[in-house]
Amino acid sequence: MLQVKLEAIRKVVCEDIPKPEAKESEAVVQVAAVGICGSDMHVYVGKNPVLQPPRVQGHEFGGIIKSINGDAGNLKVGMKVAVNPVINCKKCYYCTNGMEFMCEDGQVVIGGQIPGGMAEEIAVPLRNLVPLDEAFPLLHTAMIEPTAVAMHTADDLRNATVLIIGLGPIGLLCQQVCQLNGNSVIGVDISAHSLACSKQMGATFTVNSGESDFKDQIRQFLGDKKIDVVIDSVCNETTLKLAVDIVRKCGKIKMVGIPHKNFEVDVLGILLNEIELASSYLYSDEEFLRAARYISANKIDVEPMISKVFPLVQAQEAYEYKLNEPSLKVVLTNEN
């Protein structure tokens with residue numbers, strides 16, 4: 001069968017490997033769609049601080065169960081499923097206290113530390129499968145994982161004025177989660193394409209941070225109001241400095257972007273203004289389930305974020321398209 005491997009920086013190869021077999025408590029999933037994440041792109045260009053080539057990527061994916069080995073509960077062969085890529089122990093302090101995304105006993109991510117969904121088929125633990133309705137579009141399975149990230153980041157915010165820095169898929173999904181919960185959203189980006197998408201999705205106000213007076217534009221729009229929360233979905237020295245500068249005193253900054261490297265932070269500004277600095281990295285199993293339900297119920301609209309679809313055999317072209325063209329989510333598919 002076909003498997004896509006990131007062999008080296010900006011070099012993708014298509015390999016012919018044996019089909020997987022399900023071990024005890026596993027299922028083989030015929031992959032239908034797999035998204036290329038921003039973090040995948042960081043690995044592709046050699047700027048991920050943790051992961052480097054060679055590796056098989058793909059942590060945003062789903063498909064159809066092809067075979068099952070073990071007690072599968074309500075899961076059946078032929079069922080549509082999404083794959084939660086975070087494998088954890090279910091036994092440690094964090095797993096037993098609702099923080100399984102912080103598992104301390106050998107946690108791995110499919111498509112991160114172990115081979116991912118950029119293949120025709122993959123064997124995965126049964127407990128990582130989320131059943132989907134028959135009507136669920138298989139293409140949209142690639143959007144469930146990033147939606148879970150957005151749920152973990154923004155679903156606790158209520159009736160606030162939220163500024164989102166970086167309107168890629170995560171930023172735009174955070175925007176939708178915020179809007180569902182009665183928050184007003186200001187979107188900030190340098191991409192006209194992303195800003196247009198944010199506006200189309202109902203952002204209260206959008207502004208191009210490439211314009212010299214963009215902070216004044218925000219303050220003029222706010223009038224007497226203040227920014228309660230900043231979600232930084234880029235997370236570099238410039239964006240976090242902007243967050244500290246623009247959030248109100250006693251406000252909150254949530255970091256969800258993954259930086260290329262560590263950098264200096266305005267600790268004094270955070271301290272003197274009593275700003276709460278929080279981070280968001282993965283998600284709970286329940287948040288992953290809720291993300292699937294929200295997409296299925298059309299509470300979260302993922303269709304406008306799927307910029308282009310490539311067949312798996314054109315993975316190299318897909319990466320380069322994502323790197324060089326204005327786009328949001330690029331998806332690889334095994335569907336005809």
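In short, a report on the structure. (Residues numbered from 1 in each chain as written. Predicted model: local features only at pLDDT ≥ 70, side-chain atom pairs only at ≥ 80, totals over all residues. Heavy atoms only, no water.)

1. Overview of the overall build of the chain
Alright, step 1. Looking only at helices and strands, the chain features nine helices and 17 strands.
Alright, step 2. For 336 residues, the compact-globule estimate of 2.2 N^0.38 gives 20 Å, and the C-alpha radius of gyration of the chain, at 20 Å, lies within 12% of that figure.
Alright, step 3. Sequence separation of 24 or more characterises 66% of the internal contacts of the chain that already satisfy a separation of 6 or more.
Alright, step 4. One finds the centroid of the 31 positive side-chain charges in the chain at a distance of 2 Å from the centroid of its 41 negative side-chain charges. (Helix = DSSP H or I, 4+ residues; strand = E, 2+ residues; numbered from the N terminus. Rg over C-alpha atoms; globule rule 2.2 N^0.38 Å. Contact = heavy atoms within 4.5 Å. Lys, Arg positive; Asp, Glu negative; His and termini not counted. Charge placed at Lys NZ, Arg CZ, Asp CG, Glu CD.)

2. Concerning helix α8 (residues 285-296)
Three- or four-residue spacings in an α-helix give side chains the same orientation, since the helix completes a turn every 3.6 residues.
Alright, step 1. In this model, α8 (twelve residues) spans 17 Å end to end at C-alpha, consistent with the 16 Å of a helix rising 1.5 Å per residue.
Alright, step 2. Taken together, the buried positions of α8 are occupied by Glu287, Phe288, Arg290, Ala291, Ala292, Tyr294 and Ile295.
Alright, step 3. Downstream of α8 by a residue or two, Asn298 has a phi angle that is positive, lying close to 65°. (Expected span 1.5 Å × (residues − 1). Buried < 20%, exposed > 50% of the residue type's maximum accessible area, 1.4 Å probe, protein only.)

3. What to know about the pairing of strand β5 (residues 80-83)
Alright, step 1. Taking every second residue as pointing to the same face, both faces of β5 are buried, with Lys80 and Ala82 on one and Val81 and Val83 on the other.
Alright, step 2. Note that β5 and strand β9 (residues 129-131) share three bridges and pair antiparallel. Residue pairing in the sheet places Val81 in a bridge with Pro131 of β9. (Pairing = 2+ DSSP bridges.)

4. Let's talk about the packing of helix α5 (residues 214-222) against helix α6 (residues 237-246)
Alright, step 1. The interhelical angle for the contact between α5 and α6, taken along N-to-C directions, is 35°, at an axis separation of 12 Å. In terms of crossing hand, the pair formed by α5 and α6 is right-handed. Residues Phe214, Lys215, Ile218 and Arg219 of α5 lie in contact with α6, whose contacting residues are Leu242, Asp245 and Ile246.
Alright, step 2. Each residue belonging to the contact of α5 with α6 can be placed in one class, and the counts come to four nonpolar, no polar and three charged. (Axes fitted to C-alpha atoms, helices over the stretch in contact; angles between N-to-C directions. Left-handed = near helix turned anticlockwise from the far one by under 90°. Nonpolar A, V, L, I, M, F, W, Y, C, P; charged D, E, K, R; others polar.)

5. So, the pattern of salt bridges
Alright, step 1. Under the criterion given, the structure shown has 15 salt bridges.
Alright, step 2. The salt bridge partner of Lys19 is Glu121, with a shortest N-O separation of 3.9 Å. Note that Lys19 is positioned in the loop between β2 (11-16) and β3 (26-36) and Glu121 in strand β8 (residues 121-125), a separation of 102 residues in sequence.
Alright, step 3. Linking Lys252 and Asp156 is a salt bridge whose minimum nitrogen-to-oxygen distance equals 4.0 Å. Here Asp156 lies in the loop between α2 (144-154) and β10 (161-165) and Lys252 lies in strand β14 (residues 247-255), a separation of 96 residues in the sequence.
Alright, step 4. Exposure remark for Lys252: the relative accessible area of 18% places this residue in the buried category. (Salt bridge = Lys/Arg side-chain N within 4 Å of Asp/Glu carboxyl O.)

6. Examining the packing of α2 against helix α3 (residues 169-180)
When two helices pack together, you describe them by how their axes are tilted relative to each other and by the distance separating the axes.
Alright, step 1. Look at α2 against α3: their axes get within 8 Å of each other, and the N-to-C directions meet at 55°. Overall, the two elements α2 and α3 adopt an arrangement that is oblique. Read as a crossing pair, α2 and α3 show a hand that is right-handed. Contact residues: α2 offers Pro146, Thr147, Val149, Ala150, Met151, Thr153 and Ala154, while α3 offers Ile170, Leu173, Cys174, Val177 and Cys178.
Alright, step 2. Looking at the contact of α2 with α3 residue by residue, the class counts come to ten nonpolar, two polar and no charged. (Parallel < 35°, antiparallel > 145°, perpendicular 65-115°, else oblique.)

7. Let's talk about unusual backbone geometry
Alright, step 1. Of the consecutive residues Pro53 and Pro54, the connecting peptide bond is found in the cis state with omega at 0°.
Alright, step 2. Topologically, Pro54 is positioned in the loop between α1 (38-44) and β4 (60-69).
Alright, step 3. With phi around 65°, Ser25 is a residue other than glycine that occupies positive phi space.
Alright, step 4. Within the secondary structure, Ser25 sits in the loop between β2 and β3.
Alright, step 5. Phi at Cys250 is positive, roughly 65°, even though this residue is not glycine.
Alright, step 6. Among the structural elements, Cys250 can be located in strand β14.

8. Regarding the pairing of strand β17 (residues 329-333)
Alright, step 1. For β17, the tally of buried residues reaches five of five residues, placing the bulk of the element in the interior.
Alright, step 2. By the alternation rule, side chains of β17 split into Lys329, Val331 and Thr333 and Val330 and Leu332, which are all buried.
Alright, step 3. Alignment of β3 against β17, held across four bridges, turns out to be antiparallel. The partner of Gly35 across the bridge, within β17, is Val331.
Alright, step 4. In this structure, strand β16 (residues 306-311) lies alongside β17, joined through five bridges in parallel fashion. Its bridge partner being in β17, Phe310 is matched across the sheet by Leu332.
Alright, step 5. In the classification by handedness, the crossover that spans β16, the intervening helix α9 (residues 315-324) and the parallel β17 is right-handed. (Right-handed = clockwise from strand over helix to strand, strands pointing away.)

9. A closer look at the nonpolar core
Alright, step 1. Within the largest apolar cluster, 47 residues are counted, with the highest numbers of intra-cluster contacts made by Ile144, Val162, Ile231 and Met305.
Alright, step 2. At the level of secondary structure, the elements contributing two or more residues to this core comprise α2, β10, α3, α4 (192-200), β13 (227-232) and α8.
Alright, step 3. No other element matches α2, which puts six residues into this core.
Alright, step 4. Apart from the residues within four sequence positions on either side, Met305 is in contact with Met143, Pro169, Leu172, Leu173, Gln176, Met201, Leu328 and Lys329.
Alright, step 5. Listed in part, the 35 residues of the second largest apolar core include Ile65, Leu75, Ile87 and Ala315. (Core = buried A, V, L, I, M, F, W, Y, C linked by side-chain atoms within 4.5 Å.)

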